[in-house]
Structure formats: structure tokens, C-alpha cells
Amino acid sequence: TTPEVRGRGLFRPLLQGALSYLRAQGHGVALLMPSAASFYRPYGFAFCYHQWKINCPLAQLAPLTKGAAEVSWRRGETEDWAAFASVYDRAMRSRNGFTHREEKAWRSLLTALYVEGGHAFIAVNQAGAPVAYLWFEISGETLQVIEWLADDLSLQRACLAFLQHHRSQAEQVVFMLPEDDLLYEQLPDSSYLLSLSP
């Protein structure tokens, strides 16, 4: 809803109609990633997935990089959407709640990332296959990871090593982990902020 007409209840019948349509189609679950969750609660929505948010000095990532896989990093472009998608699709196989992305969605996400001044990098193995990716922004002294995925723990460590190399550009790093990923427990000390976020 555009700002000048917010608060008039115009969205309510649209959302109710969409939910009725989904029920009529046999869909029992609808997932949202809202900016204001309280708006959707009256319609029956509730939090169902959480993730760890870690905020720590970039230097603290050093111990987490031991055992990192050897990969080559290259800057990703919008045209590389299929490479990002291959890593994403493999990572999501073991998940029961995620966003299905097709070419149009990938292109839109990457374009928005670049417009906002963000960076996207792809890691490839020795065979040249994409095995991990990192999307991030640097603002002031903070490197904010927007999205990152890796095929296994050694590749996850390679991602953290790549991030750590940005110590000359930022002091802090903020990144997310799935609720069942306890990698944060390996941080060397407690001088970091950890929170569980929906």
C-alpha cells in the first residue's frame, strides 16, 4: 500500500481474498517474510522459523577458518543466477521451509543487491563447479552478510575465510546461521552479540 493511503484498511480484503484462494487451491500453509510481523498476526500468521544472528569482530573468524576447503572466488553477475541457484537448491534439499526461486526471482534479487551497493561472490571447486556463495554489503565499519550458503562445513569455513580478508574494509561482521547450525559455539571468546531472530 502506498504511504499516502495506508491505514484505510485497503489491504485487508486483498489479503483475505488471497488466503481464501490458497485454501480453495488446497494450500494449507503460506510462508511470509514480513517487515512488520504484527500486521499479519490477526490473519493467523505466526513465527515458524528462527535463525542465529551473530555480530562479532571480523578478526574473531580466524579460528573458524581452519580446515577451509580450497576454492576460487569470483564476482558473480546477474547472468550467473544459475550458479547461485545450483548451490541454493542443494542446500535447501535438507530444509522444509524455504523460498522457491526461479530465474526471474534470482535476477531480481541480484539486481536489487547491486543497486544497493552490495557484492555477490561465487566459490568454485577445482572442477569449476559452484559450491558456495556470499552476498554482502559494507557500511561504515560493518560487513553485513545478506545471504550465504555452502555445500558443507569445509566450504562454510572457506566463506568465513573470504569474509575475514575484508578486515581492512570493516571491523565487524554480522551474519546469520540456521537455528540448527551451532558454528557460533566455535567463536574464540564471548565478545560477540548472539541473538535468535525469527
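Thresholds applied
Residues numbered from 1 in each chain as written. Predicted model: local features only at pLDDT ≥ 70, side-chain atom pairs only at ≥ 80, totals over all residues. Heavy atoms only, no water. Helix = DSSP H or I, 4+ residues; strand = E, 2+ residues; numbered from the N terminus. Buried < 20%, exposed > 50% of the residue type's maximum accessible area, 1.4 Å probe, protein only. Contact = heavy atoms within 4.5 Å. Areas by Shrake-Rupley, 256 points an atom, 1.4 Å probe, with all protein chains shown as cover. Lys, Arg positive; Asp, Glu negative; His and termini not counted. Charge placed at Lys NZ, Arg CZ, Asp CG, Glu CD. Pairing = 2+ DSSP bridges. Phe/Tyr/Trp six-rings, centres within 6.5 Å; stacked < 30°, edge-to-face > 60°. Lys NZ or Arg CZ within 6 Å of the ring centre and 35° of its normal. Patch = residues over 30% accessible without salt bridge, like charges linked within 9 Å, V, L, I, M, F, W, Y side chains within 5 Å. Salt bridge = Lys/Arg side-chain N within 4 Å of Asp/Glu carboxyl O.

Draft legend 1. The arrangement of the overall build of the protein in detail. Across its full length, the protein carries five helices and seven strands. For the protein, the spread of C-alpha atoms along the principal axes amounts to about 55 × 40 × 30 Å. By the burial criterion, 34% of the 198 residues in the protein qualify as buried. Within the protein, contacts between residues at least 6 apart in sequence are counted, and of these 70% link residues at least 24 apart. Accessible area of the protein: about 11,900 Å², with a carbon and sulfur share of 53%. Of the side-chain charges in the protein, 17 are positive and 20 negative, and the distance between the mean point of each set is 7 Å.

Draft legend 2. Broad picture of the side chain of Ser197. Relative to the helices and strands, Ser197 is located in strand β7 (residues 193–197). Judged by its relative accessible area of 18%, Ser197 is buried. With residues up to four places along the chain from it excluded, the contact list for Ser197 reads Tyr49, His50, Gln51, Lys53 and Met176.

Draft legend 3. Quick look at the pairing of strand β1 (residues 51–57). The sheet contact formed by β1 and strand β6 (residues 172–178) spans seven bridges and is antiparallel. If you follow Pro57 over to β6, its bridge partner there is Gln172.

Draft legend 4. Layout of the packing of aromatic side chains. For the coordinates displayed, the defined rule picks out 15 aromatic pairs. Measuring from centroid to centroid gives 5.1 Å for Phe39 and Tyr40, while their planes differ by 80°, and the two rings are edge-to-face. Where Trp106 meets Trp135, the ring centres are 6.0 Å apart and the plane angle is 90°; that geometry is what we call edge-to-face. Remark: Trp135 occurs in strand β4 (residues 130–139) and Trp106 occurs in helix α4 (residues 103–115); sequence separation between them is 29 residues. What makes Trp135 buried here is its relative accessible area of 2%. An aromatic cluster is built from Phe11, Phe39, Tyr40, Tyr43 and Phe45, whose rings are joined through pairwise contacts. The positively charged end of Arg101 is found above the aromatic ring belonging to Trp106, 4.7 Å away from the centroid.

Draft legend 5. Looking closely at a nonpolar patch on the surface. A cluster of nonpolar side chains, namely Val29, Leu31 and Tyr49, defines an oily patch on the protein surface of about 320 Å² accessible area. As for its position among the elements, Tyr49 is in the loop between α2 (37–40) and β1.

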